[in-house]
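Chain and residue survey
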Amino acid sequence: MSFALLRSHGRPALAVIERQFRALSSTLAITDFSAPGAAAAAAVKTNENNNYLNNSQLKKAFVSTSVRKYSKKTAAPERAYNSDSDSDSDDERDNTPRQRQRKERGNSEFWRRKMRTLHGVLDVNKDGVISYDDFMLLAEKFASLGHLDAKAKNEFRDIMRTTWEQQWGEITPYNLVTVEQYLTEMHHVVNDKDLKKKVHRFLPYLYKAVDKDRSGSISLTEFKLFFRCLGLTEENAAVSFAVIDKNGDGQITLDEFVKLGKDFFVSEKETHVSRMFWGPLVDH
């Protein structure tokens, strides 16, 4: 029975095999490999087929590599720009002339008005110009309050002398700074990264000089001492203190004092509380 099943189901498969065998025999019969050039042609054809396969494989490999290479996500370039805490809002990556003009400090009339006010404060002897003598007179006024020890007094004088030499040059009776010269120099200072960091370095000594109880904070009474040394009135001190004491606790810490003094130099916002740091602004 098994033999009968094999015969019945195997006949179609055998017929197919026989037809394929006859077709292959016919092809071999037609191709005469003994004919001149036939073997070479067949070899060339075989080589071409092999080359085609090899080239196809290489192309596939190349395309695959290329896809992998360019499909990888490249990391976003690191921003070269870091926001400066002193900067108001301008993006320093912009480098057009208009952006540079916007970034530059000291171009507003309000800022110039503040600098004219400070020039009048630093002109201690009120002769219309600032001299090295004015710097020393100012240092002596604060030192004479008696709240600085000998070491702090000497450091204060050294700071004032160094500040003068770095900003105005040699110490001579003929080195006098007019209002316009002061505006020009301070414009350069607030736009120079290194000089801007030094413009307020004498402020801690002013603070310590008026912190008579050495509590680490100054009250309105002590702030009045500060204004008195600047040649300003107690009424001016009361008005300014009310503005700069933002939290209304009646005290100004050293950090607050120094920050307010620094902001006076660099800020051009007319509503900034630091505008009152050196007293009422001049009208022109």
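Residues numbered from 1 in each chain as written. Predicted model: local features only at pLDDT ≥ 70, side-chain atom pairs only at ≥ 80, totals over all residues. Heavy atoms only, no water.

So, on to the environment of A139. Relative to the helices and strands, A139 is located in helix 5 (residues 132–143). C-alpha separation for the pair A139 and Y205, spaced 66 residues apart in sequence, amounts to 9.2 Å. Apart from the residues within four sequence positions on either side, A139 is in contact with F156 and M160. (Helix = DSSP H or I, 4+ residues; strand = E, 2+ residues; numbered from the N terminus. Contact = heavy atoms within 4.5 Å.)

On to empty space enclosed by the protein, then. In total, this model carries 2 cavities of 30 Å³ or more according to the counting rule given. By volume, the largest cavity amounts to about 120 Å³. When residues of the lining of the largest cavity are assigned to their parent elements, the largest contribution, 4 residues, is made by helix 6 (residues 150–168). Here the lining of the largest cavity is built from residues that sort into 11 nonpolar, 2 polar and no charged. Roughly 60 Å³ of internal volume is contained in the second largest cavity. Together, T163, Q166, Q167, V189, L195, K198, V199 and R201 line the second largest cavity. At 3 residues, helix 6 tops the list of elements feeding residues into the lining of the second largest cavity. Grouping the constituent residues of the lining of the second largest cavity by class yields 3 nonpolar, 3 polar and 2 charged. (1 Å grid on protein atoms, 1.4 Å probe; cavity = no way out; pocket = protein on both sides within 12 Å on 5 of 7 lines; lining within 4 Å. Points joined across faces, edges and corners; volume = space filled by probe spheres on them. Nonpolar A, V, L, I, M, F, W, Y, C, P; charged D, E, K, R; others polar.)

Another aspect to go through is the side chain of K114. When you line up the elements, K114 lands in helix 4 (residues 109–122). A polar contact is formed between the side chain of K114 and the backbone oxygen of F264, at a distance of 2.7 Å. Residues in contact with K114, not counting those within four places in the same chain, are D263, F264, S267, R275 and L281. (Polar contact = N/O pair within 3.5 Å; in protein donor to acceptor, adjacent residues only side chain to side chain.)

Another aspect to go through is the pattern of salt bridges. One pass over the full model with this rule turns up 7 salt bridges. As a salt-bridge pair, R157 and E140 come within 2.7 Å of each other at their nearest N and O atoms. Highlighted residues: R157 in helix 6 and E140 in helix 5, separated in sequence by 17 residues. Here the salt bridges share partners, and the residues they tie into one network are E109, R112, R116 and E180. (Salt bridge = Lys/Arg side-chain N within 4 Å of Asp/Glu carboxyl O.)

On to the confidence of the model for the chain. Residues at a pLDDT of 70 or more form 64% of the chain, whose mean pLDDT is 76. No element of the chain has a lower mean pLDDT than helix 2 (residues 38–71), at 43, and none a higher one than helix 4, at 96. This model gives residues 48–95 a pLDDT under 50, and the stretch forms 21 contacts once residues within four places in sequence are excluded. (pLDDT = per-residue confidence, 0-100.)

Note that E185 resides in helix 7 (residues 179–190). Apart from the residues lying within four places of it in its own chain, the contact partners of E185 are Q167 and W168.

What follows concerns the UniProt feature "domain: EF-hand" (unreviewed entry) in the chain. Following the UniProt record, one finds the feature "domain: EF-hand" (unreviewed entry) at residues 121–145 and 232–267. The straight-line gap between the two end C-alpha atoms of residues 121–145 is 18 Å; of that span, 56% is helix and 0% is strand. Annotation note: span residues 232–267, helix share 67%, strand share 6%, distance between end C-alpha atoms 23 Å. (UniProt positions renumbered as here; feature names shortened; annotations may be inferred.)

A general tendency of soluble globular proteins is for nonpolar side chains to be buried together. Grouped together as the largest cluster of nonpolar side chains are 57 residues, with contacts concentrated most on F142, Y182, F226 and W278. With sequence-adjacent residues up to four places away left out, W278 is seen in contact with T117, L118, V121, F202, L203, L206, F226, F227, L230, L232 and F264. (Core = buried A, V, L, I, M, F, W, Y, C linked by side-chain atoms within 4.5 Å. Buried < 20%, exposed > 50% of the residue type's maximum accessible area, 1.4 Å probe, protein only.)

What follows covers unusual backbone geometry. You will see that K126, though not glycine, has its phi angle at about 55°, which is positive. Secondary-structure assignment places K126 in the loop between helix 4 and helix 5. Overall, K126 belongs to the exposed group, its relative accessible area being 53%. Phi at R214 is positive, roughly 55°, even though this residue is not glycine. The residue R214 is located in the loop between helix 9 (203–210) and strand 1 (217–218) in this model.

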